[in-house]
Every structure is written in structure tokens, then in C-alpha cells.
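# Inside the fold
Below, each chain spelled out in residue letters.
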Amino acid sequence: MSELTAFAQLAFTLIVGLYFLTRLRADSAGEKGVKEEAKAAAEQLNRLRQIHLNEPMTEISRPASSSDIIGQDDGVRALRAALWGEDPQHVLIYGPPGVGKTAAARIVLKEVCKSPGSPFADDAAFFEADAAIMRCDERGFADPLIGSVHDPIYQGAGAYGAAGIPQPKPGAVTKAHGGVLFLDEIGELPNEQINRLLKVLEDRRVMFESSYYSSNNKKIPPYIHDVFRNGMPADFRLIGATTRKPEEIPEAVRSRCVEIYFDPLSRQNVVRIVAGAAARCGITIENGVKELIADYAANGRDAVKILQSALNIARMDGRCFIGLDDARWVIKAGRYAKRSEPFLKENEKIIDISMFKKRG
Ligand SMILES: Nc1ncnc2c1ncn2[C@@H]1O[C@H](COP(=O)(O)OP(=O)(O)OP(=O)(O)O)[C@@H](O)[C@H]1O
Ligand SMILES: [Mg+2]
């Protein structure tokens, strides 16, 4: 009997030993696999980082100071005033596409952070987001605008998921903390997200909830307890931009913002934009190229695009100056339509009456 027991004990010990040996091998094989994959991924990442394209002309030609923003004197002045000094305000910029709304906002923040008492630091964030891609999924699992909690059930086998720890993820409002959240096409945001955004503007922080959160859970790191207790910082000024008309923007947003209008650009303004962009890029252009581009470019962005394409055409021929024929070819190939408005004099504006209809 005792022999039988000893045999059973031996067999049991062997089975258990084998089990743990197999687990150990599987674990170390898994660990080796993860390490090898991570090493290959890191090498690929480094290879990608070695590759650089030249800085695109659209970047180099960007206006560098507010005096480089052409034809928007009132708009730029109003923007500076809204963000100036101790108590900057939220802003809504109306205007057609490609007339300098984003470029002006970026420059004006750099300038006003030097104004007396400004709460913006010299390196204050300018976080640019497009409302059209900021839409959260309906269940709110991921909200790139406001932020969201990754619950363990969706984290899979990661360390936090395995330990059952909910992870708060910052949204654009936190990335803009201390600076400006520039929200392009704010009119595209669904009402529900607008309401959440307005709440954040009021609270200046984002509060999170999760059914996986317990204040007694000792496994949860202190910083996550802190976020659930005190919220994620989100103290910023909003600059919303839109190509829509004022009456299409929710009143709740309009009433919290200073409303600023950017004008459509006259042909003469576009001539100056082409001249400025060419100078910033160090490009030589034949007489008449600026005027020709201005006949066909509907806005500043189009103008810079035509200039860039014409430069590439010239470079293909081994030239480093843009001739009239280069610009003509780009305009023809790109099927740009000629401007219909009459030639406007310096400082004369094209007034699109519909843009300026005020409330009430
Ligand atoms: N008024 C302007 N003065 C100087 N450059 C301009 C002006 N408008 C546009 N540009 C040129 O066109 C580029 C694009 O302009 P920007 O992105 O500021 O337009 P936007 O009004 O924000 O357009 P969208 O509504 O499509 O976002 C700028 O980087 C600049 O090179
Ligand atoms: Mg823009």
C-alpha cells in the first residue's frame, strides 16, 4: 500500500513538475517572441526616422508674422485684441477657405504671449484639430476631442488590462492646456460633443467616469486616482474656425466667443500673397507671373499651390526661376477657373454680404 502511495506521489510530482516546466518554456518562448518582435519593430521605426523629405514649400512660404497676413487687417487686429493681455477670450473666426484663418491664429498666439500679463507662456500650446475627425464614436469609447477612459475590457492582455485598471486618455482639450485649441470647421461638431466642449470650457478640466474605477482599488496607480478625483487639466482658449455662416453655428458657442470675420481675398491681395510666398522661399519669378496666378487663384492656398507646381515645372527643365509659361501650363493643366470679379484696387474688399449677416 505504502509503495502504491509512494508511486502515486512520485507520478503526481512528475506531472506537476512537467506542467510547470512546459509553462516555463512556453513563457520564455513567448517572452522571446515578444522581445524579437519588439526589436524588429524598433529597428523598422529607426529606419523610418532616417528618411526625411525636404520641408514642403507650403511650410516655408507660410506667413511668419502678422504683417505677412495679407488683406485681413481688421480680422487680425480683432484676433489680437481678443487674445491680448491678462484675460484672453474665446474666439470664432468666420471666413471662406484658404484666406489665412489658421495661419493668423498661429501667429497671433506667438505675438500675444508677450503682451503684458498674458497667461500664455512663450511656448504655449497651439493644438490644431479638425472637428470633422474629432467626432467620437456613439458609445464614447474613444473621444479624441474631450478624452476618454480605456476600460480593462477593451485593453486586452496589456499590463493595465490584465490588472483591471481603467486608463484615462487625454483628448485635444488637454493637449491644448495652457494655450489655444484651434478647432477647424467647428460647425461640423455634433451637438452632443459641442455640449461636452462647453462644459469643459466652464470647468477647465475633464472629469472621467468608469464602472471599473474604485477609489479603494490599491492596484490603481496614484496618478489615475488623482485624475478620477480631480479631473484632467483642460484650461485653454478656444479658437473655432468655420467657413459656414454665423447663423449655422449653435448660439451656445457664439455667445461664449468673440466673433471675428476674415474677408475673401481680392485679386490684388493674392498678387501680394504670391510675392510674399516667393520672397520667403527665395524664388525668382518673371514679370506678370504674380498677376497671372492672381487671375486664377480663388484664395491664398490656391495661389501658393500654383506657385509650388510652377516651380516644380521649372525645376524639371533645370531652371530655378518661374516663367510665365510655367504658370500658364499649371493653370491650364489644373483647370483653374478665371476669377470673375472686377479688378479691385489696393485695400478694396470683396464683400460677400451673406457672411456678414448678424444675429437678430
Ligand atoms: N491672407 C493671407 N495672407 C498671406 N498668406 C495667406 C493668406 N491666406 C492664405 N495664405 C496662404 O495660404 C496658406 C493656407 O492658409 P490657411 O490655412 O491659413 O487658410 P484657412 O483660412 O485656415 O483655410 P481653411 O478654411 O481651409 O482651413 C497659408 O499657409 C498661406 O501660405
Ligand atoms: Mg484652416
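In what follows, the accompanying structure is described. (Residues numbered from 1 in each chain as written. Chains lettered and ligands numbered in written order. Predicted model: local features only at pLDDT ≥ 70, side-chain atom pairs only at ≥ 80, totals over all residues. Heavy atoms only, no water.)

### Looking at the side chain of asparagine 299
Basically, it comes down to this: Strands here mean DSSP runs of E at least two residues long; helices mean DSSP runs of H or I at least four residues long; both are numbered from the N terminus. Think of it in three bands: with a 1.4 Å probe and only protein chains considered, a residue is buried below 20% of the maximum accessible area for its type, exposed above 50%, and partly exposed in between.
Here asparagine 299 lies in the loop between helix 12 (289–296) and helix 13 (300–316). Here asparagine 299 falls in the buried class, since its relative accessible area comes to 11%.

### Some points on helix 13
Basically, it comes down to this: Expected helix span is computed as 1.5 Å times (number of residues minus one). Whenever a nitrogen or oxygen atom comes within 3.5 Å of another N or O atom, the pair is scored as a polar contact, on the condition that within protein one atom can donate a hydrogen and the other can accept it, and that pairs from neighbouring residues in sequence are kept only if both atoms are in side chains.
Spanning 17 residues, helix 13 covers 25 Å between terminal C-alpha atoms, matching the ideal 24 Å at 1.5 Å per step. Here helix 13 has its buried residues at Gly300, Asp302, Ala303, Val304, Ile306, Leu307, Ala310, Leu311, Ile313 and Ala314. Structurally, the start of helix 13 carries an N-cap: the backbone nitrogen of arginine 301 is 3.1 Å from a side-chain oxygen of asparagine 299. Note on helix 13: the residue one or two positions beyond its end, glycine 318, has a positive phi of about 75°.

### Some details on the site of ligand 1
Which entries qualify depends on this criterion: Working definition: residue near molecule or strand if any one of its non-hydrogen atoms lies within 4 Å of it. Surface accessibility in these figures is a Shrake-Rupley result with a 1.4 Å probe; residues are shielded only by whichever protein chains are displayed. Residue ranges assigned to the domains are those given by an automatic or database domain assignment.
Near ligand 1 there are 20 residues, and of these Ile70, Gly98, Lys101, Thr102 and Ala103 occur at the shortest range. For ligand 1, the accessible surface in isolation is 630 Å², of which the surrounding protein chains cover 90%. Those elements that provide at least two residues to the shell around ligand 1 are helix 4 (101–112) and helix 13. Looking at the shell around ligand 1, you find at least three residues from each of domain 1 (62–261) and domain 2 (267–343).

### Notes on the sheet that holds strand 9 (residues 258–261)
Note the following rule: If DSSP finds at least two bridges between two strands, the strands pair. Helix axes use the C-alpha atoms of the stretch in contact, all axes being lines fitted to C-alpha atoms, and the angles between their N-to-C directions lie in the range 0 to 180 degrees. Residues count as neighbours in contact if any of their non-hydrogen atoms are within 4.5 Å of one another.
Pairing is parallel in the open sheet, where five strands are placed in the order 2-5-8-1-9. One side of each edge strand has no neighbouring strand; the edge strands of this open sheet are strand 2 (126–130) and strand 9. Sheet twist, expressed as the mean angle between neighbouring strand axes with direction ignored, is 20°. Two strands pair when backbone bridges link them, and strand 5 (residues 180–184) and strand 8 (residues 237–242) are joined in this way by four bridges, in the parallel orientation. Among the inter-strand pairings, leucine 183 is bridged to a residue of strand 8, identified as glycine 240. Sheet strands in contact with helix 4 are strand 1 (91–94), strand 2, strand 5 and strand 8, and its direction is about 160° off that of strand 2.

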